[in-house]
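# A look at the structure
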Amino acid sequence: MRRLCDLYNWIEADPTSTRANKLVLHYECVPLLLRVLRRYSDRPLVCGVVCGCFAHAALHPDALKVLCSEEVFSCCLDAFQLHFSPCNFSDAMSNRIQFTRLVVAPLANTTSAPSEDAEVRKAQGDAVSRALPVVLGKINEHCSNPTLLMLALQLLNNFKAFQEEFEGAVVHGLAETVATVLRTWASDPAPVIASLHILAPLLHAPPETIKRMADTLMAPLAALLENDDVDPEVKANVLCFVTNLGQASPAACVSVACPKLLSRSPQWIADPDHGPLFSLNLAAFLSVCAEHCSRGTEWAACNDVACAAAIEQLCAAAGGAADQKEAPEGGGGD
């Protein structure tokens, strides 16, 4: 173990990843490291060190070609699945936090950007396809652990560069996972914003996929917007996403979110904490609803006339708040 740690420290001390590249290409140590990883697969520290070596090597484009193999991906994914666990995040074992991060690192570094090499690019896509359900399972399993959750969300954020691997069933599973995150961490900005960033590129998916995503997400998103404990800036970000989702799939937007948000708009207009940005974003959302409501009567819960009135009030409130910041103090008289 000491020699393995010395090897990792030697690699880590080189920010250019030249040593790691030399380890892979010149000394051809990948088979040896894979044997160590398999033999000591039940030991998180060993797995963390080996994965850390792979992660540093993956930053070098020449070594990446060697590491993007089914064998390396499979071993690293097995290590992630086994050791991405809260038991490695106790105060008594603070050193293991870093090692558990290292278990995530090779999956992140080998998929940080699609390679220009067609063969490597295909291997990356295959790896993302295999890893996605595993990572989603870990988020659902450890959603209440903020450290593990953010590590897993950062890994998912890497994967979104490979959008063609996000097929219908995977997107639905991702939407269900994000819905769980939104319900669990509604008042914490970091997981909410990270989750929406992951989903944002998928708004260009096929219509049926978007519809399933909207059906899954609209209720928890509306509940988050109704929650008075959620920071108004977070709500403004959520409203932007909901508006874009509504443009892509209006049915769930109009039938689920619109009645709830429309009924709360007078309260939000009167609340200075929500500010002009929130008011304008809510007006944009209601504009989408009003446009679709006016086209037919299938969404009886939505009223395009009420939306139009609320939009006018919201825009006036946003303009008034901006004017108030610039207006001089003092009063007027007849």
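Residues numbered from 1 in each chain as written. Predicted model: local features only at pLDDT ≥ 70, side-chain atom pairs only at ≥ 80, totals over all residues. Heavy atoms only, no water.

In terms of helices and strands, the protein chain carries 16 helices and zero strands. Within the protein chain, the fraction of its 334 residues that count as buried is 49%. Carbon together with sulfur atoms contributes 52% to the accessible area of the protein chain, which is approximately 16000 Å² in total. (Helix = DSSP H or I, 4+ residues; strand = E, 2+ residues; numbered from the N terminus. Buried < 20%, exposed > 50% of the residue type's maximum accessible area, 1.4 Å probe, protein only. Areas by Shrake-Rupley, 256 points an atom, 1.4 Å probe, with all protein chains shown as cover.)

Going through the model one piece at a time under the given rule, you end up with six salt bridges. A salt bridge links Glu 70 to Arg 130, with the nearest nitrogen and oxygen atoms 2.9 Å apart. Here Arg 130 lies in helix α8 (residues 118-141) and Glu 70 lies in helix α6 (residues 70-83), a separation of 60 residues in the sequence. When its relative accessible area of 53% is taken as the criterion, Glu 70 is described as exposed. Ionic pairing is found between Arg 264 and Asp 228, a salt bridge with its closest N-O pair at 2.7 Å. Here Asp 228 lies in the loop between α12 (207-226) and α13 (232-248) and Arg 264 lies in helix α14 (residues 250-270), a separation of 36 residues in the sequence. (Salt bridge = Lys/Arg side-chain N within 4 Å of Asp/Glu carboxyl O.)

Bringing the packing of α12 against α14 into the picture now. Where α12 meets α14, the axes come as close as 9 Å, and the angle between the chain directions of the two elements is 10 degrees. With respect to each other, α12 and α14 are oriented roughly parallel. Side by side, α12 and α14 meet where Ala 214, Asp 215, Met 218, Ala 219, Ala 222, Leu 225 and Glu 226 of the first sit next to Ala 252, Cys 253, Val 256, Ala 257, Lys 260, Leu 261, Arg 264 and Trp 268 of the second. Each residue belonging to the contact of α12 with α14 can be placed in one class, and the counts come to eleven nonpolar, no polar and four charged. (Axes fitted to C-alpha atoms, helices over the stretch in contact; angles between N-to-C directions. Parallel < 35°, antiparallel > 145°, perpendicular 65-115°, else oblique. Contact = heavy atoms within 4.5 Å. Nonpolar A, V, L, I, M, F, W, Y, C, P; charged D, E, K, R; others polar.)

Residue position: Asn 145 is located in the loop between α8 and α9 (146-159). Of the residues examined, Asn 145 reaches a relative accessible area of 18% and is grouped as buried.

Right, let's talk about unusual backbone geometry for a bit. Positive phi, close to 65 degrees, is recorded for Ser 17, a residue that is not glycine. Mapped onto the secondary structure, Ser 17 falls in the loop between α1 (2-12) and α2 (18-25). Taking the relative accessible area as the measure of exposure, Ser 17 reaches 4% and is therefore buried. You will see that Glu 28, though not glycine, has its phi angle at about 50 degrees, which is positive. Mapped onto the elements of the fold, Glu 28 is located in the loop between α2 and α3 (30-39).

The predicted coordinates ought not to be read in detail in places where the model reports low pLDDT. Across the protein chain, pLDDT averages 82, with 88% of residues at or above 70. Every residue in residues 89-93 scores below 50 in pLDDT, and together they form seven contacts with partners more than four places removed in sequence or on other chains. Predicted confidence for residues 297-301 stays below pLDDT 50, and this span has six contacts to residues more than four positions away or in other chains. (pLDDT = per-residue confidence, 0-100.)

Attention shifts here to the environment of Leu 151. Assignment of secondary structure puts Leu 151 in helix α9. For Leu 151, a relative accessible area of 9% translates into the label buried. Taking the C-alpha atoms as reference points, Leu 151 and Val 104, 47 residues apart in sequence, are found 7.8 Å from one another.

In a regular helix each residue adds 1.5 Å, so 21 residues correspond to 30 Å; α14 covers 28 Å between its end C-alpha atoms and thus fits that length. Taking the largest bend as the criterion, α14 deviates by roughly 45 degrees, centred on Ala 257, and proline Pro 259 comes between one and four positions later. Among all positions of α14, only Pro 250, Ala 252, Cys 253, Val 254, Ala 257, Cys 258, Leu 261, Leu 262, Arg 264, Ser 265 and Trp 268 are buried. (Expected span 1.5 Å × (residues − 1). Bend = angle between axes of the 7 residues up to and from the residue.)

Right, let's talk about the side chain of His 172 for a bit. Mapped onto the fold, His 172 is located in helix α10 (residues 168-184). By relative accessible area, which is 19% here, His 172 ends up buried. Separated by 3.5 Å, the side chains of His 172 and Arg 212 make a polar contact. Setting aside chain neighbours within four positions, we find His 172 in contact with Arg 212 and Thr 216. (Polar contact = N/O pair within 3.5 Å; in protein donor to acceptor, adjacent residues only side chain to side chain.)

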